[in-house]
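Coordinate analysis (summary)
These are the residues of each chain, in order.
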Amino acid sequence: MKKLNIVFCLAFFISIILSSCTKDASIREVKLCNNPSGDQCAEDMTDFFGVETDTVHLFASLADAPKNVKVEVTWFYQAFDKDKEEIMRGSFDSDENSTIHAMLYTNTPGWPSGEYSVNIKIADSESEAVEKKFKIE
């Protein structure tokens, strides 16, 4: 009987330890493109031509994310010899097996040439934001 109590106590403590060791949500893969195929970019692009691009698509997959996790996406533009400025921000609800799809649309009368970047971050998390840089010519 004493051995049985020890086994149950040991099993209880191990289950508590294992349940408290949860993995943090993370962003696994981030790709940019201007012509997605299905729900993914065929290749990860860093250079876009303004005349060929009406929308820049971002696809990111998540790992170990809890249900209804919020993901923040922020787009930036930096003109030559200017400070980086935020041009668009959004947030998405997601879960562990989700793919985030965010889009940046062209401005009228077209894209200003320069450096762009997008940051994607899991909201309310200690994890660092993932930054992708790209150019539009």
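Residues numbered from 1 in each chain as written. Predicted model: local features only at pLDDT ≥ 70, side-chain atom pairs only at ≥ 80, totals over all residues. Heavy atoms only, no water.

1. Focus on the state of the cysteines
Following the criterion strictly, the structure yields 1 disulfide and no others. A disulfide bridge connects cysteine 33 with cysteine 41, and the sulfur atoms are separated by 2.2 Å. Here the S-S torsion is close to -75 degrees, and the disulfide linking cysteine 33 with cysteine 41 is therefore left-handed. For the pair shown, cysteine 33 and cysteine 41 are each scored as buried. (Disulfide = S-S within 2.5 Å. Buried < 20%, exposed > 50% of the residue type's maximum accessible area, 1.4 Å probe, protein only.)

2. Overview of the side chain of threonine 53
Looking at the element boundaries, threonine 53 is found in the loop between β2 (47-48) and β3 (55-63). In this structure the side chain of threonine 53 is engaged in a polar contact, spanning 3.0 Å, whose partner is the side chain of asparagine 34. (Helix = DSSP H or I, 4+ residues; strand = E, 2+ residues; numbered from the N terminus. Polar contact = N/O pair within 3.5 Å; in protein donor to acceptor, adjacent residues only side chain to side chain.)

3. Some points on the nonpolar core
Within the largest apolar cluster, 29 residues are counted, with the highest numbers of intra-cluster contacts made by Leu32, Val56, Leu58, Trp75, Ile120 and Phe134. Counting only elements with at least two residues in this core, the list comes to β1 (26-33), β3, β4 (69-78), β6 (99-105), β7 (114-122) and β8 (130-136). (Core = buried A, V, L, I, M, F, W, Y, C linked by side-chain atoms within 4.5 Å.)

4. Quick word on the pattern of salt bridges
For the structure on display, the rule yields 5 salt bridges. Residue glutamate 29 is joined to lysine 31 by a salt bridge in which the shortest nitrogen-to-oxygen separation is 3.7 Å. (Salt bridge = Lys/Arg side-chain N within 4 Å of Asp/Glu carboxyl O.)

5. Let's talk about the packing of aromatic side chains
Under the definition given, this model contains 5 aromatic pairs. Between tryptophan 75 and phenylalanine 134, the aromatic rings sit 6.2 Å apart at their centres with planes inclined by 85 degrees, giving edge-to-face as the arrangement. You can see tryptophan 75 sitting in strand β4 and its partner phenylalanine 134 sitting in strand β8, a full 59 residues away along the chain. Of the two residues, tryptophan 75 and phenylalanine 134, neither departs from the other in class, the shared state being buried. Taken together, a centroid distance of 5.4 Å and an interplanar angle of 15 degrees make the contact between tyrosine 116 and phenylalanine 134 stacked. (Phe/Tyr/Trp six-rings, centres within 6.5 Å; stacked < 30°, edge-to-face > 60°.)

6. Observations concerning the confidence of the model for the protein
Averaged over the protein, the pLDDT score is 83; the fraction of residues at 70 or greater is 80%. Summarising per-element confidence for the protein, the mean pLDDT is lowest in helix α1 (residues 2-20) (52) and highest in β8 (96). Predicted confidence is poor over residues 16-21, with pLDDT under 50, and the contacts of this stretch with residues over four places away or in other chains come to 0 contacts. (pLDDT = per-residue confidence, 0-100. Contact = heavy atoms within 4.5 Å.)

7. With respect to the sheet that holds β1
Two pairing modes exist for strands in a sheet, parallel and antiparallel, and in both the strands are linked by backbone hydrogen bonds. Judged by pairing direction, the sheet is antiparallel, and its 3 strands sit side by side in the order β1-β3-β6 without closing on themselves. Bordering the open sheet on either side are β1 and β6, each of which pairs with just one other strand. Averaged over all pairs of adjacent strands, the angle between strand axes in this sheet comes to 20 degrees, irrespective of strand direction. In the sheet, β1 pairs with β3 via 7 bridges, with the strands oriented antiparallel. In the strand pairing of β3, isoleucine 27 is matched with leucine 62. (Pairing = 2+ DSSP bridges. Axes fitted to C-alpha atoms, helices over the stretch in contact; angles between N-to-C directions.)

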